[in-house]
Amino acid sequence: MFYGTPLVFGTKEGAGLLNLRKLYCVYTKKMTNTETLISKVWSFADVLRDDGVGYGDYLEQLTYLLFLKLTDEYTKPPYNRKLPIPDGYNWESMLSKRGAELDSHYVKLLRELGKASGILGQIFTKSQNKIQDPAKLYRVIDMINTENWSLMGTDLKGKIYEGLLEKNAEDVKSGAGQYFTPRALIMAMVECIHPEPEKTICDPACGTGGFFLAAYDFLCNPANYRLDKEQKEFLKDRTFSGNEIVASARRMCLMNMFLHNIGEIDGESPISSADSLVSDPGARYEYVLTNPPFGKKSSMTFTTEEGKQEKENLVYNRQDFWATTSNKQLNFLQHIHTLLKSDGHAAVVLPDNVLFEGGAGETVRKNMLATTDLHTILRLSTGIFYKQGVKANVLFFDNKPASKEPWTKEVWIYDFRTNVHFTLKKNPLKFEDMTDFIARYNPENRHKRKETWSEDNPNGRWRKFSYDEIMAREKTNLDIFWVKDESLADLDNLPDPDILATEIIENVEAGLDSFKAIVETLNGE
């Protein structure tokens, strides 16, 4: 009964409610099964941790074993697919073995499959057995063997693996957080970019593939598009391309995509292992969505004749770049501009220094404003990334053909930092927190926007600045803020002690990083 109105299940309204309840029951059961399976799979991490197997190592072993189990299922009815897994090194080859025999066979299996071509070889590249206790290795194999993974829905398999990746990112010691962008932020960026079917999407620093999966979910959502057969095939096989130089992150990305039904086991890998900054790949894309790795400088470690290890800053001399610099972030921004088609769209997470740094930074900003429509900057709150002390922004821009006049007419800035506080555990960023920005961005027609800032409302978070206003600023500085910091004016408005403590740690660590950079420069490192 709702507000005194009885609903009879023999009526149309009653039948609708009954169907709604059934749908809710199915959904909650699915969620419960997902959480139970994640818990079950992840419970082995605590057991293995006592043997020195870290979260990242455990997730890698799961990737190998889960991939083998799925390929085994796909070679059987009703699929009956022929896949390039040698008989002596497939899933079934491990099931009858125990103890030292299992251990030696698993080591040999990993080595042999790492020699394969395509996605298979990419997943098993440089693979090693990190589970030294054969009894525990068999327990993990047995756990995976009890589930029929191919019969699970794509969303369920994807959520299980994504859940594991997120848990791994939460482990500060593993350093895996640097490959993990908050899912709420990724989803908001995709919502704003609003990708269309049969168009290509690139991430030149793809990590574990978060942007690919969010874009995939967006394109598959019936509320956005009803894809026909050709569009579904394009989405599966030709939409996504990326780079990831770290082998462990690359294999997790490929596994993540495979579980979401992107690409083929026996197909070519859409993820390159090459350093994306080395050269212009030649390919051009409609969309680039990315969060390049943290850290300002690219460097290469080498051994001297005396046997001493030294670092040397990498400077990329590319004709398509506006400025030559060792600043990794500025190089990624220039590279992203190169990757875009003449009418392409980009959304990229970048640290504050890109907005205000002089020299090469100023050169890059001026060229960006002239050759692209740099229409939106989202100033992000601290406390949302797994690496503390990061002050970052999302730059949204559209590429344009050559023109005598600058393409950027005005830059809209949304201050999602001042008086906004998040922590990873107690108050993590949620998608709901981004809805106001998405509404202000207005993906349906971003040319019809309205400022929330005015002289009567000086703390409005949404404000535009003209091209001339920005060019008049020293060094074409785009690090613009105007919202009054309440904690500076009123002690009653200080954030909670745990948030305040976290922000202090972040600022101290950011300061230390800056001092380290200065010392490295002084020492010529």
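Note that the coordinates shown come from a computational prediction; the quantities given were computed from them, not determined experimentally.

Participant: Quick question: what am I supposed to make of helix α9 (residues 210-220) here?
Facilitator: Counting along an α-helix, one turn takes 3.6 residues, and residues three or four places apart therefore face a common direction. Burial analysis of α9 places 9 of its 11 residues in the buried class, the great majority of the element. G210, F211, F212, L213, A214, A215, Y216, F218 and L219 are the residues of α9 that are buried.

Participant: Whenever I open this one, the nonpolar core confuses me. Can you help?
Facilitator: Across soluble globular proteins, nonpolar side chains have a tendency to be buried as a group. Y58, V140, L185, L378, L380, F396 and F437 are the most contacted members of the largest nonpolar core, which totals 104 residues. Considering every element that reaches this core, the biggest residue donor is helix α2 (residues 55-74), with 11 residues.

Participant: Would you mind showing me how to read the pairing of strand β9 (residues 392-399) here?
Facilitator: Moving residue by residue along a regular strand, the side chains alternate between the two faces of the sheet. Most of β9 is tucked away: 8 of the 8 residues are buried. Of the two faces of β9, the one carrying A392, V394, F396 and D398 and the one carrying N393, L395, F397 and N399 are both buried. Pairing of strand β7 (residues 340-351) with β9, which is carried by 7 bridges, proceeds in the antiparallel orientation. Looking at the pairing, V349 lines up with V394 of β9.

Participant: For this particular structure, what's the right way to read the side chain of R251?
Facilitator: Considering the arrangement of structural elements, one finds R251 in helix α11 (residues 247-259). Of the polar contacts made by the side chain of R251, one reaches the backbone oxygen of I123; its length is 2.6 Å. Ignoring sequence-local partners within four residues, the contact set of R251 consists of E60, T63, Y64, Q122, I123, F124, T125, K126 and S127.

Participant: Please explain unusual backbone geometry as it appears in this structure.
Facilitator: One can expect most non-glycine residues to show negative phi and most peptide bonds to be in trans. Residue P77 is joined to P78 through a cis peptide bond whose omega torsion reads 5°. Relative to the elements of secondary structure, P78 occurs in the loop between α2 and α3 (92-95). Of note, the phi angle at K126 is positive, near 55°, even though the residue is not glycine. Within the element layout of this structure, K126 appears in the loop between α5 (118-123) and α6 (134-145). With a relative accessible area of 72%, K126 lands in the exposed category. Of note, N261 is a non-glycine position whose phi angle comes to about 70°, a positive value. Here N261 lies in the loop between α11 and β3 (271-272).

Participant: I tried to follow the packing of helix α8 (residues 183-193) against α9 on my own but got confused; where do I start?
Facilitator: Axis angle and axis distance: for two packed helices, these are the angle between their axes and the distance between the axes, and together they describe the pair. As a packed pair, α8 and α9 sit with axes 9 Å apart at the nearest point and diverge in direction by 50°. Regarding the angle of α8 to α9, the classification is oblique. Where α8 crosses over α9, the handedness of that crossing is right-handed. Contacts between α8 and α9 involve R183, I186, M189, V190 and E191 on the former and, on the latter, G210, F211, A214, A215 and F218. For the contact of α8 with α9, the per-class residue count stands at 7 nonpolar, 1 polar and 2 charged.

Participant: It is not clear to me how helix α10 (residues 229-237) should be interpreted in this structure. Could you clarify?
Facilitator: Along α10, the residues classified as buried are Q231, F234, L235 and K236. Looking at the buried positions of α10, the neighbouring elements they touch are α9 and β2 (240-243). For α10, the N-terminal capping position is held by D228, with its side-chain oxygen 3.2 Å away from the main-chain nitrogen of E230.

Participant: How do you make sense of the pattern of salt bridges when you look at a structure like this?
Facilitator: Any two side chains of opposite charge can pair, given that their charged atoms come close. What the rule picks out here adds up to 22 salt bridges. The partner of D320 in a salt bridge is R318, with the nearest N and O atoms 2.7 Å apart. R318 sits in the buried class, given a relative accessible area of 8%. Here the residues in one salt-bridge network are D72, K76 and E92, joined through shared partners.

Participant: Quick question: what am I supposed to make of the packing of aromatic side chains here?
Facilitator: Working definition: an aromatic ring pair is given by the centre-to-centre distance plus the angle between the planes. Tallied over the entire structure, the rule returns 17 aromatic pairs. Centroid distance Y64 to F124: 5.4 Å. Interplanar angle 25°. Geometry classified as stacked. In this pair, Y64 sits in helix α2 while F124 sits in the loop between α5 and α6, placing the two residues 60 residues apart along the sequence. Judged on exposure class, the residue Y64 and its partner F124 are both buried. Taking the centre distance of 6.0 Å and the plane angle of 55° together, the rings of Y414 and W462 count as tilted. In this pair, Y414 is assigned in strand β10 (residues 410-416) and W462 in strand β11 (residues 462-466), connecting sequence segments 48 residues apart. By relative accessible area, which is 0% here, W462 ends up buried. Cluster of aromatic residues (ring-pair linked, three or more members): F396, W412, Y414, F416, F422, F437, Y441 and W462. When the ring centre of W453 is taken as reference, the NZ or CZ atom of R463 above it lies at 3.6 Å. Stacked on the ring of W482, the Lys or Arg R463 has its end atom at 5.6 Å from the ring centre.

Participant: Help me understand the sheet that holds strand β8 (residues 372-380), please; the structure alone is not making it clear to me.
Facilitator: Judged by pairing direction, the sheet is mixed, and its 9 strands sit side by side in the order β3-β2-β1-β4-β7-β9-β8-β10-β11 without closing on themselves. With partners counted over all chains shown, the strands left at the sheet margins are β3 and β11, one partner each. Note that β8 and β10 share 5 bridges and pair parallel. Looking at the pairing, L378 lines up with Y414 of β10.

Participant: Just to check I follow, could you spell out a negative patch on the surface for this structure?
Facilitator: The grouping of E198, D228, E230, E233 and D237 at the surface amounts to a negative patch. Here D228 is to be found in the loop between α9 and α10. D228 sits in the partly exposed class, given a relative accessible area of 40%.

Participant: Would you mind going over the confidence of the model for the protein with me for this structure?
Facilitator: For the protein, per-residue confidence averages 84 on the pLDDT scale, and 81% of positions sit at 70 or higher. In the predicted structure, residues 299-304 sits below a pLDDT of 50 and forms 19 contacts with residues beyond four places in sequence or in another chain.

Participant: Which parts of the structure should I look at to understand the environment of M257?
Facilitator: Within the fold, M257 resides in helix α11. Overall, M257 belongs to the buried group, its relative accessible area being 1%. Each C-alpha atom of the pair M257 and G158 lies 8.4 Å from the other, and the pair is 99 residues apart in sequence.

Rules used in this analysis
Residues numbered from 1 in each chain as written. Predicted model: local features only at pLDDT ≥ 70, side-chain atom pairs only at ≥ 80, totals over all residues. Heavy atoms only, no water. Buried < 20%, exposed > 50% of the residue type's maximum accessible area, 1.4 Å probe, protein only. Helix = DSSP H or I, 4+ residues; strand = E, 2+ residues; numbered from the N terminus. Core = buried A, V, L, I, M, F, W, Y, C linked by side-chain atoms within 4.5 Å. Pairing = 2+ DSSP bridges. Polar contact = N/O pair within 3.5 Å; in protein donor to acceptor, adjacent residues only side chain to side chain. Contact = heavy atoms within 4.5 Å. Axes fitted to C-alpha atoms, helices over the stretch in contact; angles between N-to-C directions. Parallel < 35°, antiparallel > 145°, perpendicular 65-115°, else oblique. Left-handed = near helix turned anticlockwise from the far one by under 90°. Nonpolar A, V, L, I, M, F, W, Y, C, P; charged D, E, K, R; others polar. Salt bridge = Lys/Arg side-chain N within 4 Å of Asp/Glu carboxyl O. Phe/Tyr/Trp six-rings, centres within 6.5 Å; stacked < 30°, edge-to-face > 60°. Lys NZ or Arg CZ within 6 Å of the ring centre and 35° of its normal. Patch = residues over 30% accessible without salt bridge, like charges linked within 9 Å, V, L, I, M, F, W, Y side chains within 5 Å. Areas by Shrake-Rupley, 256 points an atom, 1.4 Å probe, with all protein chains shown as cover. Lys, Arg positive; Asp, Glu negative; His and termini not counted. Charge placed at Lys NZ, Arg CZ, Asp CG, Glu CD. pLDDT = per-residue confidence, 0-100.

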